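Summary of structural features
Here is what each chain is made of, one letter per residue.
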Amino acid sequence: MSDFEESKQIEKLLDVDCPSCGSKLFYSAEHRQISCHHCGYKEDYQRDNTQVVELDLSAALQQLCYFVPEKTDRKVYDCKSCGAKFMVDVEKTRVNCGFCGSENVNLEAFDHKYIQPSGILPFEVPKKKAEDLFQEWVGKGWFHPGKLKTLARLDALHGVYIPFWTFDAETSSDWKGEAGFNYYETVRVKVGDNYQQQQVQKTRWEWRSGHINHFFDDVIVSASTNLDQRFLDRILPFKMDQAVNFDARLMVGWESEIYGVELDNGWKKGNEIINEQLRFMCMQELGGDTQRNLSVKTEKCNETYKHVILPIWLCSYRFNEKIYRFVINGQTGKVHGQKPIAWWKVILVVLIFVLFIASIVWMRESGIFAGD
Ligand SMILES: [Zn+2]
Ligand SMILES: [Zn+2]
């Protein structure tokens, strides 16, 4: 016990007791309400979004330099339901009592961070639905083992509230580059002792330039150390207009994280995403059959950010002793993940294709096609 006496207690805990029976409340994605397991009590969460506003990015980045994070450590959790005491990581948002099974949200975890979440999107995909989505998704696609659908075993499904940065920016880009247009010329070439006519592909290059003004709205960057941006990109978009003011009560019954990617590194990633998209837009303007020497000069202004919490199912399944990861958008149900590839199917399709081409060539050569 002396260990506990020396360490400090977690002070800011969320209190969510059921007003009718005193049990702990939790957020139900199925009912989209804050509910009680015991007596069936339900209450709506606040739909206000007055705090989900854009904040000035450059000011926040400047202030971030002076922020010295408090030393984080383990603290004592004092379970109100059963009186048990145990140590927990201060940065952990969810505290589960191993003795009575009750759970709580550690609000102190958020205080250790410089920026507090302004908005949260509540889960809309309940666990049962997530399982169904997995079954549907795992059976899709051609190049996967036929037994995947029946033998893939769900390993883990974690409904996690993941921290994100979203960025807005006004951009103005000047671009120039060369667009190439392909054309064919007939040339006479000497083959052995004879001359033959042959079609040769040539490219005419043309310099072009232009200007693009574009406003980027809510470019989403993962602030989690557990969720890879490439996985995230494939389950976008989120309906961000449905974000409500941050309310930790929506996290009860769910796993959650505080951000591990600081704002400056988040913006680095966001800036990369914006530049990539701008380059793609310029390529579309440039046109042509092929392109070279494209240069884009961009100026950005009025950059803003928000820190929001979004619902994601982080999952994995087993197949043939291997573990594959997948993620589900907890709001829209969009799924993306890894699947094993049945190489024999890929090779078979390639072989059929090669045979098909070869037979056409053979038929042309042998005069079956009277075209030429
Ligand atoms: Zn109750
Ligand atoms: Zn307890």
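Presented here is an overview of the structure given in this document. (Residues numbered from 1 in each chain as written. Chains lettered and ligands numbered in written order. Predicted model: local features only at pLDDT ≥ 70, side-chain atom pairs only at ≥ 80, totals over all residues.)

Examined against the element boundaries, Asn-302 turns out to sit in strand 14 (residues 290-319). Of the residues examined, Asn-302 has 13 C-beta atoms within 10 Å and is grouped as partly exposed. Note: C-alpha distance between Asn-302 and His-37 (265 residues apart in sequence) is 47 Å. (Helix = DSSP H or I, 4+ residues; strand = E, 2+ residues; numbered from the N terminus. Buried ≥ 20, exposed ≤ 12 C-beta atoms within 10 Å, placed from the backbone.)

This part covers the nonpolar core. In this structure, Phe-164, Leu-310, Ile-312, Trp-313, Val-327 and Ile-328 are the most contacted members of the largest nonpolar core, which totals 56 residues. For this core, the secondary structure elements donating two or more residues are strand 1 (25-28), strand 2 (33-36), helix 4 (127-138), strand 10 (153-191), strand 11 (194-222), helix 7 (263-286), strand 14 and strand 15 (322-329). The dominant element in this core, judged by the number of residues it contributes, is strand 14, at nine residues. Apart from residues lying up to four places away in sequence, Phe-164 is in contact with Ile-220, Val-221, Ser-222, Ala-223, Val-308 and Leu-310. (Core = buried A, V, L, I, M, F, W, Y, C linked by C-beta atoms within 7 Å. Contact = placed C-beta atoms within 7 Å.)

Moving on, we get to the packing of helix 2 (residues 57-64) against helix 7. Packing of helix 2 against helix 7 brings their axes to within 10 Å, and their N-to-C directions diverge by 140°. Compared by their axis directions, helix 2 and helix 7 come out oblique. Counting all contacts with helix 2, which are made through Leu-57, Ala-60, Leu-61 and Leu-64, the residues of helix 7 involved are Leu-263, Asp-264 and Trp-267. Of the residues that constitute the contact of helix 2 with helix 7, the class distribution is six nonpolar, no polar and one charged. (Axes fitted to C-alpha atoms, helices over the stretch in contact; angles between N-to-C directions. Parallel < 35°, antiparallel > 145°, perpendicular 65-115°, else oblique. Nonpolar A, V, L, I, M, F, W, Y, C, P; charged D, E, K, R; others polar.)

Looking now at the environment of Trp-175. Secondary-structure assignment places Trp-175 in strand 10. For Trp-175, a count of 21 C-beta atoms within 10 Å gives the class buried. Sequence separation of Trp-175 and Ala-84 is 91 residues, and the distance between their C-alpha atoms is 65 Å. Excluding residues within four positions of it along the chain, Trp-175 makes contact with Ser-209, Gly-210, Ile-212, Cys-282, Leu-294, Ser-295 and Val-296.

Strand order across the open sheet formed by three strands is 1-2-3, with antiparallel pairing between neighbours. Only two strands of the sheet have a single partner each, and these edge strands are strand 1 and strand 3 (42-43). Judged from the two bridges that link them, strand 2 and strand 3 form a sheet pairing that is antiparallel. Looking at the pairing, Ser-35 lines up with Lys-42 of strand 3. (Pairing = 2+ DSSP bridges.)

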